[in-house]
Amino acid sequence: MAEEGIDAPPTSKPQDLVDDTEPAVTQDEIFQDMLRHMMAPLTIGMFFGAVWQLTVMPRIDTFVPNPVHGAFALYLLSSPLIYKQLVGMESSRAGEYALGFAVTACVLSMVWMFGSSSLYLAGFLPAIAWLFISSFWLQFEFPPFRYGLWHGMAVNIGAFGGGVLAFNLFL
């Protein structure tokens, strides 16, 4: 039994408050972001790692600097140009992007110097973390520092893969 004076809740929402016709993020935007923030840094890392493996590694007798270290250095040198192409924010924030990349690069570079255990600590675990992060971060816009962290993990994975691939195919 309903009490008098209490109105029943409305059964439909006003159309001017809720517009379900257009999603917040389209599939095309997610695909474009996937190319810019996942595939491009991974491919650049593969290229830099392969170049380092083919040009520098035959001339040195030590494990360090390996192709991942070389890719980090080359990417950091070209980071203002890469920042403008991949992130596309104002150029004054390119230093923030480079700092985010450098944080990831420094930590992973130190881990790559451990020898055989570095394959798991700097290769396998960052690859899983990068895939996990990429599945969530594609939907949002972030400051350049966070893009630098994200791209640093992609360059790490790409440089390792590019170095191994170049070694197996060309040396």
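Residues numbered from 1 in each chain as written. Predicted model: local features only at pLDDT ≥ 70, side-chain atom pairs only at ≥ 80, totals over all residues. Heavy atoms only, no water.

**Thoughts on the layout of surface pockets**
Next up, step 1: Approximately 260 Å³ is the volume found for the largest pocket.
Next up, step 2: Surrounding the largest pocket, 15 residues form its lining, Phe63, Asn66, Pro67, Phe160 and Val164 being those nearest its centre.
Next up, step 3: For the lining of the largest pocket, the secondary-structure elements that each account for two or more residues are α2 (67–77), α5 (118–137) and α6 (144–170).
Next up, step 4: In terms of residues, the lining of the largest pocket owes the most to one element, α6, which gives five residues.
Next up, step 5: Its residues assigned to classes, the lining of the largest pocket shows ten nonpolar, five polar and no charged. (1 Å grid on protein atoms, 1.4 Å probe; cavity = no way out; pocket = protein on both sides within 12 Å on 5 of 7 lines; lining within 4 Å. Points joined across faces, edges and corners; volume = space filled by probe spheres on them. Helix = DSSP H or I, 4+ residues; strand = E, 2+ residues; numbered from the N terminus. Nonpolar A, V, L, I, M, F, W, Y, C, P; charged D, E, K, R; others polar.)

**Looking at the packing of aromatic side chains**
Next up, step 1: By the definition in use, this model includes eleven aromatic pairs.
Next up, step 2: Ring geometry for phenylalanine 47 against phenylalanine 48: centres 5.9 Å apart, planes inclined by 50°, an arrangement best described as tilted.
Next up, step 3: Pairwise contacts between aromatic rings join Trp137, Phe140, Phe142, Tyr147 and Trp150 into one cluster.
Next up, step 4: The residue whose ring lies beneath arginine 146 is tryptophan 137, and the NZ or CZ to ring-centre distance is 5.3 Å. (Phe/Tyr/Trp six-rings, centres within 6.5 Å; stacked < 30°, edge-to-face > 60°. Lys NZ or Arg CZ within 6 Å of the ring centre and 35° of its normal.)

**Here we look at helix α4 (residues 94–112)**
Next up, step 1: For α4, spanning 19 residues, the distance from its first C-alpha to its last is 26 Å, which sits close to the expected 27 Å at 1.5 Å a residue.
Next up, step 2: Next to the buried residues of α4 lie α2, α3 (79–86), α5 and α6. (Expected span 1.5 Å × (residues − 1). Contact = heavy atoms within 4.5 Å.)

**Looking at the packing of helix α1 (residues 27–55) against α2**
Next up, step 1: Two elements in contact, α1 and α2, have axes separated by 8 Å at closest approach and are oriented at 120°. When the axis of α1 is compared with that of α2, the two are oblique. Taken as a pair, α1 and α2 cross one another with a handedness that is right-handed. Across the interface between the two elements, Pro41, Ile44, Gly45, Phe48, Gly49, Trp52 and Gln53 from α1 touch Pro67, Gly70, Ala71, Leu74 and Tyr75 from α2. (Axes fitted to C-alpha atoms, helices over the stretch in contact; angles between N-to-C directions. Parallel < 35°, antiparallel > 145°, perpendicular 65-115°, else oblique. Left-handed = near helix turned anticlockwise from the far one by under 90°.)

**Considerations on the side chain of threonine 104**
Next up, step 1: The topology assignment puts threonine 104 in helix α4.
Next up, step 2: Overall, the relative accessible area of 10% leaves threonine 104 in the buried class.
Next up, step 3: Apart from the residues lying within four places of it in its own chain, the contact partners of threonine 104 are Gly148, Leu149, Gly152 and Met153. (Buried < 20%, exposed > 50% of the residue type's maximum accessible area, 1.4 Å probe, protein only.)

**Some remarks on the side chain of aspartate 33**
Next up, step 1: Note that aspartate 33 resides in helix α1.
Next up, step 2: Of note is the side chain of aspartate 33, whose polar atom sits 2.7 Å from the side chain of arginine 36.
Next up, step 3: For aspartate 33, the residues in contact, after removing those within four places along its chain, are Met38 and Leu138. (Polar contact = N/O pair within 3.5 Å; in protein donor to acceptor, adjacent residues only side chain to side chain.)

**Looking at the pattern of salt bridges**
Next up, step 1: This structure, assessed with the given rule, holds three salt bridges.
Next up, step 2: Among the charged side chains, a network of salt bridges with common partners joins Glu90, Arg93 and Glu96. (Salt bridge = Lys/Arg side-chain N within 4 Å of Asp/Glu carboxyl O.)

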